[in-house]
Amino acid sequence: MLIIADSLASAALPQAHQPEIMTVAGPVHAGAIGNTLTHEHILVDFIGAEQINPNRWQQEEVIAKVLPHLKEVKDAGCRTFIDCTPNYLGRDVVLLRRLAELSGLNIITNTGYYGGSDHKYLPAHAFTETAQALAARWVGEWKEGIDGTTVRPGFIKISVNPAALSEISKKLIRAAALTHLQTGLTIASHTGPAVPALEQIALLRSEGVDASAFIWVHAQNETDLTYYISAAQAGAWVSLDGLSDNNVADYTRRLSFLRDEKWLSQTLVSHDAGWYDPGKPGGGNVRGYTTLFKKLIPALAQQGFTADEIEQLVRRNPQNAFTTRVRAAKN
Ligand SMILES: [Zn+2]
């Protein structure tokens, strides 16, 4: 059954083959996702793949700490929250589903593995299995649900080191490509600088996946902005996703560059904020998710961004990037 996220959109009757985005509560019409934060976190646990398990946190405690921040950003105009915590780093889809219900936000989770931080968050089987076997696990989550639930992933999250791709990173990217071609899920890769971003785009293409299915996550860590143009020309999404109250001017500068170069249509912006950390007393400090709505949008408007350009950044681009569809390479 189709769940319409925004009650205003419920007047539109579902049609066959309409574009959808998968949330933890089921599919929503892509056009109904509203203002979206494309890269945030509810919970991250850095204990490592061997020791992680959901008994390390109390759901009630996490909810008490994070729900006020979700309500705050909903009040600020957000409708959809994309949770980028992968498996083995604290992905807890039961918790996410409860928070979606309690907050009224659409929440989106992911499949895939985190190969960055020198591979220390990868489970042992990631080193021994083939790309095909890893893809079968990830496609299995899409088809059957995650961790014995009916919750399905809305995208593929992978991660690489901020350097030339390692062999295991290449395997994870091949697994992501195979998963994309079977599911239509978008690939968001924690990347950082341009070198591994452009290598991933080339590798995906050689595996038959168009760059429009690829999000270059943490592109704000690249200082040479001309690489944004290279990635966007190839068709990829450029994601500036470490926004905070301290860097609004820098984000305004980067976004103005992308607008002036006519690549705003492939740009995403988010905070990488949150999160409850079970390794810290009381979960540590949770950073809120409202800078985009309360500070960046007014700063962009002051720079001459039109209401339409801001809507493109905050609503239409996330909708376009995360709509489930296979994007095969055009050779
Ligand atoms: Zn993140």
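Whatever comes next refers back to the structure up there.
Residues numbered from 1 in each chain as written. Predicted model: local features only at pLDDT ≥ 70, side-chain atom pairs only at ≥ 80, totals over all residues. Heavy atoms only, no water.

## A closer look at the coordination of the zinc ion
Alright, step 1. Distances from the zinc ion to its protein donors, namely H39 (NE2), H41 (NE2) and D272 (OD), fall within the range 2.1 to 2.2 Å.
Alright, step 2. Mapped onto the sequence, the residues coordinating the zinc ion show the spacing H-x1-H-x230-D. With H41 in the loop between β3 (36-40) and α1 (59-75) and D272 in the loop between β11 (267-269) and α9 (291-302), this residue pair connects regions lying 231 residues apart in the sequence. (Donors = N, O, S within 2.8 Å, 3.2 Å for Na, K, Ca; no water. Helix = DSSP H or I, 4+ residues; strand = E, 2+ residues; numbered from the N terminus.)

## Some thoughts on the sheet that holds β3
Alright, step 1. The strand order β3-β4-β5 describes an open sheet built from 3 strands, whose pairing is parallel. Strands with a single pairing partner mark the edges of an open sheet, and in this sheet they are β3 and β5 (106-108). If you compare each strand with its neighbour and ignore which way they point, the axes differ by 20 degrees on average.
Alright, step 2. Judged from the 3 bridges that link them, strand β4 (residues 80-83) and β5 form a sheet pairing that is parallel. The residue of β5 that forms the bridge with F81 is I107. (Pairing = 2+ DSSP bridges. Axes fitted to C-alpha atoms, helices over the stretch in contact; angles between N-to-C directions.)

## Some words on unusual backbone geometry
Alright, step 1. Going from G274 to W275, the amide bond is cis rather than trans, its omega being -20 degrees.
Alright, step 2. For W275, the location among the structural elements is in the loop between β11 and α9.
Alright, step 3. Although it is not a glycine, D272 adopts a positive phi angle of roughly 55 degrees.

## Remarks on the environment of I156
Alright, step 1. Structurally, the position occupied by I156 is in strand β7 (residues 155-159).
Alright, step 2. Its relative accessible area of 0% is what places I156 among the buried residues.
Alright, step 3. A C-alpha to C-alpha distance of 34 Å links I156 and Q303, two positions 147 residues apart in sequence.
Alright, step 4. Ignoring sequence-local partners within four residues, the contact set of I156 consists of T111, G112, W138, A176, T179, H180, L185, T186, I187 and A188. (Buried < 20%, exposed > 50% of the residue type's maximum accessible area, 1.4 Å probe, protein only. Contact = heavy atoms within 4.5 Å.)

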